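In case you want the letters, here they are:
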Amino acid sequence: MEDTKTRPDKATIVAFGNKSNQKLETALRDFAKDVDPSLNLRKLHDIISRITPEEYRYDWAGTDSESRSEKYRRNAWLNFTPIFYSTLTEYKNEEDSRTIPYDDLLKFCGAWMVQWHVVFPFNPEDPTGGNIANKFAWYDMAVGMRAAILSQILFYTHRKILPNQMVESLLSCAREHLTALRLPDTWAAHSNHGFFQSAGLFALSVQTPDISENSEADRKLASQRLRQYLESTFSEDGVHLEHSCEYHNFMFKSLSEIAPLLNASNDDERWIADLFERMQDAMSAMILPNRLVAPFGDGRYTTSESTIPKNPEVLNVLKPSLKSDFVKTQSTEDIEPLLSFPRGGFCSYKKRRREFDDSYLAVSAWHHSIIHKHVDELSPIWAENSVPILSDAGRYGYEGKTEDASKLRQEGYFYSDPKRVFVESAHAHNTVEIDGKSDNRRLALPYQSGLAASAKLNDGTVVIDTEIVREPLVRHQRLFIYSPSKSLVIIDELTDERWVAGDKPKQGFKKISKLFSRKSEEQNESPLPPRTYTQWHQFFPAWQVEADKSGISARFNQDWLAKYFDHSPKSKPRLLSENTIPPASYSVRAAVAAWTEEKKCHVPEVKLHHGDVDNAGRYTGWASLWPLTLKPSAAISQTITTQSKTALFASFFEIRENGSLEASVDHLEIEALPGGVRKLQYECGDDSKVIEFRRSKKGLELSFGDGSAYKISRTLVDRNYDAQALYKARAAIKGLAPTSEIFDLFKTASANGWGQAINEAAEYARSIGDDETHFKMASLAQESGDGVEALKLAQIHLNATNAAYDLSKAYSLLNYAVEQNVRAAHFYLGNLYLDKSFEGHDLAKAKNEFRKGAMRDHIGSMVQYSDILAEELNYVEAVKWLTSAAEGGSSEAHMRLGNLYCSKVQAPEYFDMTLAAKHYEKAGLAGSKVGAYEGAKIFMNPDIDVYDLDRAVVLLKIAADLGSEVAKGKLEKLRHSNSSA
């Protein structure tokens, strides 16, 4: 219930008036983004001290032109968080060390919080704020972020330096946040939003216990929720499961804010503290010696110095190895150089020796889901002397959402901008591209970790071995042999699993064995098409690269760095410190070789790519150093085409301290020997060096020409066999492999309970007319705990023409899918509540489900929610949600908006034929027959401002092609009138 006694009237807020102050807003934004290093707290204080109460107010809801991200930032208070934490840090200093009156700045921040609270009080009847104009006021993640800030200002100021009325208002605001965060229905359990909600609840319960009637219960609830989320998003060895070092850093920073508050006597909090320890090791492994955060997956080029945890007390609980990654003065002598995370699928070696003398190699061998996952299988990032050599294309940005039915979405791309598509693709990473295209991430089974073995040998050589089965049905094994500051060898072995025959399926679940009783018909086998493999290496843009018959040469380009430092936007993170630019004499030489059964050992043609875009719009040789920008960078590729079962690549890179570009490796050979032995040989003048290795179930056997030999134990948790079986079943269905064992292959793939494999078996059973097996397999998929499969099974029960039609079962499955965070389930559950034949028919519940789905950006839910709002005559909100759905590509939303703007009766205040034509046209271009025809009618009307016969003809043709006889008639009349004229 709202505490009205402590809520001030709007007129009593002392720091805000009714006019915007552009100078202050700009200063706050620039301070937050570190645009101007000279902009410090004193200058901000000087600006604030000259502002009268009438000179400033803040538009929390934002404007229609602003992005969802910006509106969220406003309401999460992130736009002034930097000044708040910077001020709070200085305030914690001893009083005689303070240089300016920080009390004023803290009062300013407190007044800002109070202003928000006055405008957007919490309503228990509408806990997510769905019925108010500002959709982000009580947005789940914003609530959690604000709660953490409230707890800190109330705790650290001891409620003494702020005016009493302000303190009371902040306490009232904190109580309302506490109430909102306790609610089970608004807790986003399966997303990082839920983490921030739980962290905010934890901070309030620990730092402001007196505002709660039972702070211990709140603390226990928060720690239980935190553990539940963290268990599902981190590997046992502390790696974040979203394939991005930046996102790991983001979660590490976020958890670090509450790490000093954890109590080891509580089981859940002790578990969280233990995970935080392991997260630190992983975080340190992901930071290069020059403090660049390794930009794997959806990671930007950013430095650890720019991401220091906001709470200075956190530095006191960090391990020394990680402190040195944030604070330059820390010693690094005790850092373990090689860190391996076999469960998370990440490994790195890092050693700082002295200035301009450091080494780093990291390998990503992870696939836990499709979230932030690029096609960067077994890709390395390598740096020497403070400069990356082999790097990554970066994130670019989240631009242009793909539609559900689009080819790009079916291949695993959620964004359609060609530059974004490029940075996700195989040819933007240091990996092997198969058959000229990227792996389909929608079809690929997550192998979790492909890290097979790793060790540091007696002479300091680092060995990292990896192995996965990739979606095109190719086993990819990659070995790294790294001599820090000297050389790097990368050996790829690619096995075409279409050729593998006679594998005995594993014993799976008894349920599955009973279900798979029938075999598919034998098909005529035909010769398999050849495989094409392309090995890619991406150089960091600071390298000038050349390729010729003698090999590859790369020279470090200091001019590029000078240009970068002189002209890069100040708001962008610096990739290298001006004080850590290595000597210009630094260079790299490389040689390549390949082996196939047809050609044996040979040197493939090396191609150099630098800022290229071909006729098909395919980008090669680019890097995104900061958001929404691509810069030319060198990439080299070598391709082999073969029908043999096995193919090998070898790349040898050598560091040249004297800057020489002359070839030192005279001859490089790679070959496959009997017994699974692989041999690499290279000659440097009169010196010949040999490396032989063989993989087994126990690990890697490795020997060198000097007689030294090693056995490295296998650490891989092998799920590759199951993936291989599923990929072979798919190939068999397509006629690319023997088809007699399709169901046996599905059974093997399903042995670990993988919902995706079970579901594909169900779909195959349906395709061959086995309805009984189809339904049983769909049921089994749901039993495996897969929320998506539960939704699919519910859809079977919702189909009135299906023998399994059962609304009660559908209701149960949809609720389970909602619990599993399947956003589309809200849409189907809402429609079920609308069904009058359903005994639980309830319009209010339907509206609530559609609203939940809409808040999670589900397009269908947005449209349905807007329909209900329109029926309630709430056209303001209906138009907002329809516009969001239309921006997401919904032709239905465009049609509804066209109808609304075209009607003088439904909502006269929205009548606008120009907007109606615009939305009808977009609906028509998206395939709506009615939309195309209605848009054409408007464009054909000479009395309307948008009169345009050319556009009308285009839409009429679309409508006619879609079967509109009326449109065909209109087209004939137009043709006849044109011919007559």
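Source: prediction; values computed, not measured. (Residues numbered from 1 in each chain as written. Predicted model: local features only at pLDDT ≥ 70, side-chain atom pairs only at ≥ 80, totals over all residues. Heavy atoms only, no water.)

Visitor: Give me the lowdown on the overall build of the chain, citing residues and values where you can.
Guide: Looking only at helices and strands, the chain features 31 helices and 29 strands. Among the 981 residues that make up the chain, the fraction classed as buried is 55%. Sequence separation of 24 or more characterises 63% of the internal contacts of the chain that already satisfy a separation of 6 or more. Surface accessibility of the chain: about 41,800 Å² in total, with carbon and sulfur atoms responsible for 49%. (Helix = DSSP H or I, 4+ residues; strand = E, 2+ residues; numbered from the N terminus. Buried < 20%, exposed > 50% of the residue type's maximum accessible area, 1.4 Å probe, protein only. Contact = heavy atoms within 4.5 Å. Areas by Shrake-Rupley, 256 points an atom, 1.4 Å probe, with all protein chains shown as cover.)

Visitor: Mind laying out the environment of T302, listing which residues take part and the relevant values?
Guide: Within the secondary structure, T302 sits in the loop between helix 11 (267-285) and helix 12 (320-326). Separated by 11 residues in sequence, T302 and R291 place their C-alpha atoms 8.6 Å apart.

Visitor: If you had to explain the pattern of salt bridges to someone new, which residues and values would you point to?
Guide: Scanning all chains against the criterion turns up 33 salt bridges. Notably, a salt bridge pairs D439 with R470, separated by 2.8 Å at the nearest N-O pair. With D439 in the loop between strand 7 (432-434) and strand 8 (448-449) and R470 in strand 10 (residues 462-470), this residue pair connects regions lying 31 residues apart in the sequence. Comparing D439 with R470, the two get one shared label, buried. R714 is the partner of E467 in a salt bridge, and the nearest nitrogen-oxygen pair spans 3.3 Å. With E467 in strand 10 and R714 in the loop between strand 29 (709-713) and helix 17 (720-733), the pair connects residues that are 247 residues apart, well separated along the chain. Note on E467: relative accessible area 8%, which makes it buried. For R714, a relative accessible area of 22% puts it in the partly exposed group. One continuous salt-bridge network, built from bridges that share partners, spans D298, R420, E424 and R441. (Salt bridge = Lys/Arg side-chain N within 4 Å of Asp/Glu carboxyl O.)

Visitor: Describe in detail the sheet that holds strand 18 (residues 606-610), supporting the description with residues and values.
Guide: A sheet is described by the order of its strands in space; here 4 strands give the open sequence 7-13-23-18, paired in antiparallel fashion. Edge positions in the sheet fall to strand 7 and strand 18, since each has one partner strand and no second. Adjacent strand axes in the sheet meet at a mean angle of 25 degrees, parallel and antiparallel pairs treated alike. Of the pairings in the sheet, the one linking strand 18 to strand 23 (residues 634-642) comprises 5 bridges and is antiparallel in character. Across the sheet, H610 pairs through a bridge with A634, a residue of strand 23. (Pairing = 2+ DSSP bridges. Axes fitted to C-alpha atoms, helices over the stretch in contact; angles between N-to-C directions.)

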